[in-house]
Structure formats: structure tokens, C-alpha cells
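Structural characterization, general
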Amino acid sequence: MAEPIHYSKLGLVNTKEMFARAFDGGYAIPAYNFNNMEQLQAIVTACAEGKSPVIIQVSKGARQYANATMLRHMAMGAVEMTRELGVDLPVSLHLDHGDSFELCKSCIDSGFSSVMIDGSHLSYAENVALTRQVVEYAHQFDVTVEGELGVLAGIEDEVVAEQSTYTQPEEVEDFVAKTGVDSLAISIGTSHGACKFKLKEGEEVPPLRFDILAEVEKRIPGFPIVLHGASSVIQEYVDLINEYGGSLDGAVGVPEEQLRKAAKSAVCKINIDSDGRLAVTAKVREYLANNPEEFDPRKYLGAARAETAPISNSRVPWNGCHKPRLNRYA
Ligand code: G3H
Ligand code: 13P
Ligand code: ZN
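Since the model is a prediction, treat every value here as computed from it, not as a measurement. (Residues numbered from 1 in each chain as written. Chains lettered and ligands numbered in written order. Predicted model: local features only at pLDDT ≥ 70, side-chain atom pairs only at ≥ 80, totals over all residues. Heavy atoms only, no water.)

1. Quick look at the side chain of H94
By secondary structure assignment, the location of H94 is in strand 3 (residues 91–98). Residue classification places H94 among the buried residues on the basis of a relative accessible area of 1%. Only 3.5 Å separates the side chain of H94 from the side chain of K269, close enough to count as a polar contact. Apart from the residues lying within four places of it in its own chain, the contact partners of H94 are I55, I56, Q57, V58, F112, S114, V115, M116, E146 and K269. (Helix = DSSP H or I, 4+ residues; strand = E, 2+ residues; numbered from the N terminus. Buried < 20%, exposed > 50% of the residue type's maximum accessible area, 1.4 Å probe, protein only. Polar contact = N/O pair within 3.5 Å; in protein donor to acceptor, adjacent residues only side chain to side chain. Contact = heavy atoms within 4.5 Å.)

This is the structure in C-alpha cells:
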């Protein structure tokens, strides 16, 4: 392992100030997962144009895919790119769903400004102990830590949860006090992936459990809450994927009104991965189907990037700038 490097040297910030301002302003910071350069370019361009602070986040698998050293330079490049675009945006590099102390430490040592330790599948006591251990290490370097209580249904990297367990509001005060975390992910009905709800013909997406969120807020007033599994799953992209040879059945996401409602509350961070994946896949499939002679990755990946970047395009699904009051500084 190379010499540890502090995130401030990369131009990154932790999430403290972002969340404080989001809380006061009644909006949420978008946290976008990315796996490659084109996705990161699209996120940065869109957020720079929308003057939106942003959390760029990677899962354990995405970090392995990109390579930790390459990733650090990509994050530094993202910050420099925002400046070249004429804005000095707060950018945070966050580990999504960290599953061990060692992984969190490795990310902190390689320039991450924020980490999630996801002990939600452990017993309460084990979750507290693991989260506390990460917080103790992270806070020495002013790195912020996200913990999780309650289990989301769906796939979280290599952790698969068949069923969700809503967060129990009775636990949050004790968890936050004992661990010292800076933000808390809760389970209120969202799930990971493109198929979030099993709906019968004619059924509408059920509302999230805002009652649980309200109860959590009451118990830890002013504390930043994180919403995972929050992609809207834009039907247009699902349809394009299916039209051009894909097979996505029953893809349904969280309606944007519900995200806006959540953003006005203590929810300060909204995680979006699937929407980015869907937009990229739809555009790559469409491009290749319509241009069978093309084999230049810049063409089809460029088409995907162009779809996800410009904020003038109101269909961009994962640019929080299109979710009014979801992400802007007030
Ligand atoms: O919440 C989990 C993310 O969507 C991570 O997905 O592990 O396939 O990168 P991944
Ligand atoms: P989606 O699958 O809804 O995009 O959720 C992403 C997420 O929570 C990443 O941690
Ligand atoms: Zn998640």
C-alpha cells in the first residue's frame, strides 16, 4: 500500500458542512454511484452546471473494478474538472456499503472523505461495535461515517437481503450515541436495484414509511438521515432497454414526489445507482442497435454520457438538479 493520503490534498470535503446546509435548506445532496470515467464525467458536468454539491460514491466492487489508485486520481480529476467548469463545488468521495473495518480503513488511507460501514445485517450489538471501530479511526482524519439501521430488500453489492426490515426508531438514539456516526441510513420501504416494488396490474407504488422517518426525526432531531435504494427507475429507459434486446421485467422505482418529500425532511443524502445504470445501458443498446457498423467505444459510451450529463435535458434521471429542492444550496 502506498503512503496514506488525506482527502483534503485531493480537493475533497467530508459531508459535515454539506449535510448541515442541506438540513437547513430542506434539500438533499445527491450521492451518485459510478464505475467508470464516463459516468463520473456526466455526474460532474451535470452537478457543475446545476451548482449542486455532490457525493460521488463507489461500492467495494466498483473500487475493485476501477482500481484504488486510479480511483483516487479520478476523484482528484473530478474536483479539478468542476473548477475548470467555473465552479468550486463541494465534492465528497464516499465508500458505499463498506462491509469491514479493513475496507473502510483502506479507503480512508487512500483519500476517501466519507465512508459507510454497513453493519445492518449484523446483530445490533455487533453493528454498534463495528461502526464504533470505524468511527474511531475515521474521525482521527476528519472523515465522516455513515451507519445503517434496518435492512433494505434487494442486492447491496455482495450482501443480498431477501426481505426488508424497517428501521426501529427505538434504536436510533442509542445507536447514534454509542457509535458517534455522522449520518444514519434507514429502511423505510425503498430497496436496491431496478425492481423495488412488486405491483399487480393497476396497482400504484405504495408510499414510503414516512411515519417511521418522522419518528426517527423526533428521536434524533437535526441528525442527517440517508435514503438508499432511491432510484426513480425512469420508464423510458426501461422501455428502451427492452426495445433494444434487453429483458427487464417489473422494473419500478421510487416516484420523485416521494423523494422531494423526503428531501424536505431530515433526509440529507439520496443514493442513486440504478438510474445511472439504466440510462447508460439504454443508450448503449440503442446506439449499437442503430449503428451496427460502429465499434468505437467513444461513440456508444459518449452517447450514454451525453444522455446523463446535460442539465438542460429534463429527462436526465440522476442529476439531482432536476429534482427541485432535492440538492441545491438554498
Ligand atoms: O447499493 C449498492 C450499489 O448499488 C452497489 O452496487 O456492488 O453492484 O456496485 P454494486
Ligand atoms: P438504487 O438501486 O435505487 O439506485 O440504490 C442505490 C443505493 O442505495 C446505493 O447505495
Ligand atoms: Zn445502498
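2. Brief notes about the packing of helix 2 (residues 37–49) against helix 4 (residues 68–84)
Relative to each other, helix 2 and helix 4 sit at 30°, their axes nearing to 10 Å. As the angle between them shows, helix 2 and helix 4 are arranged roughly parallel. The interaxial crossing formed by helix 2 with helix 4 has right-handed handedness. In this structure, helix 2 uses M37, L40, Q41, V44 and T45 to contact helix 4, whose residues at the interface are M74, A78, M81 and T82. Tallied by class, the residues present in the contact of helix 2 with helix 4 amount to six nonpolar, three polar and no charged. (Axes fitted to C-alpha atoms, helices over the stretch in contact; angles between N-to-C directions. Parallel < 35°, antiparallel > 145°, perpendicular 65-115°, else oblique. Left-handed = near helix turned anticlockwise from the far one by under 90°. Nonpolar A, V, L, I, M, F, W, Y, C, P; charged D, E, K, R; others polar.)

3. Some thoughts on the packing of aromatic side chains
Following the criterion strictly, the structure yields three aromatic pairs and no others. A centroid spacing of 6.2 Å and a plane angle of 55° characterise the contact between Y124 and F175, whose relative ring orientation is tilted. Placement of the pair is Y124 in helix 6 (residues 124–139) and F175 in helix 7 (residues 169–179), with a sequence separation of 51 residues. Residue Y124 is classed as partly exposed on the basis of its relative accessible area of 26%. Its relative accessible area of 0% is what places F175 among the buried residues. For the ring pair Y137 and F141, a centre distance of 5.1 Å and an interplane angle of 55° mean the geometry is tilted. Classification of Y137 by relative accessible area gives buried; the value is 15%. Above the ring of Y166, the side-chain terminus of R209 is found at 5.1 Å from the ring centroid. (Phe/Tyr/Trp six-rings, centres within 6.5 Å; stacked < 30°, edge-to-face > 60°. Lys NZ or Arg CZ within 6 Å of the ring centre and 35° of its normal.)

4. Here's the deal with the pattern of salt bridges
One pass over the structure, following the stated rule, counts 17 salt bridges. As a salt-bridge pair, R132 and E136 come within 2.9 Å of each other at their nearest N and O atoms. Separated by four residues within a single helix, R132 and E136 lie in helix 6, roughly one turn from each other. When its relative accessible area of 46% is taken as the criterion, E136 is described as partly exposed. Residue K283 pairs with E286 through a salt bridge whose shortest N-O separation is 2.8 Å. Residue K283 and its partner E286 are both found in helix 11 (residues 274–290); the two are separated by three residues, about one turn of the helix. (Salt bridge = Lys/Arg side-chain N within 4 Å of Asp/Glu carboxyl O.)

5. Quick word on the environment of E102
Within the secondary structure, E102 is located in helix 5 (residues 101–109). Among the residues examined, E102 registers a relative accessible area of 55% and is labelled exposed.

6. Topic: the site of ligand 2
In the vicinity of ligand 2 there are 15 residues, among which D96, K196, S231, D273 and S274 approach most closely. Between ligand 2 and the protein, one listed contact pairs an oxygen atom with a backbone N or O atom of G229 at 2.8 Å. In the model, an oxygen atom of ligand 2 is placed 3.1 Å from a nitrogen or oxygen of the N271 side chain. Burial of ligand 2 by the protein chains amounts to 97% of its free accessible area of 300 Å². Those elements that place two or more of their residues in the shell around ligand 2 are strand 3 and strand 10 (267–272). In terms of residue class, the shell around ligand 2 is made up of two nonpolar, 10 polar and three charged. (Near = heavy atom within 4 Å. Areas by Shrake-Rupley, 256 points an atom, 1.4 Å probe, with all protein chains shown as cover.)

7. Quick look at the environment of N14
Mapped onto the secondary structure, N14 falls in the segment before helix 1 (16–25). C-alpha of N14 to C-alpha of H94: the two residues are 80 residues apart in sequence and 8.6 Å apart in space. In this structure N14 touches Y7, S92, S113, D142 and T144, once residues within four positions along its chain are discounted. Within the structure, N14 has its side chain in polar contact with the side chain of Y7 (distance 3.5 Å).

8. Remarks on the coordination of the zinc ion (ligand 3)
Tetrahedral metal sites with four donors have an ideal angle of 109.5 degrees; octahedral sites with six donors have ideal angles of 90 or 180 degrees. Distances from the zinc ion (ligand 3) to its protein donors, namely H97 (NE2), H192 (NE2) and H228 (ND1), fall within the range 2.0 to 2.1 Å. If you list the donors of the zinc ion (ligand 3) from N- to C-terminus, the spacing comes out as H-x94-H-x35-H. Of the two residues, H192 is situated in the loop between strand 8 (183–186) and helix 8 (210–219) and H228 in the loop between strand 9 (225–227) and helix 9 (235–243); the sequence distance between them amounts to 36 residues. As far as burial versus exposure is concerned, H192 and H228 are alike and both buried. (Donors = N, O, S within 2.8 Å, 3.2 Å for Na, K, Ca; no water.)

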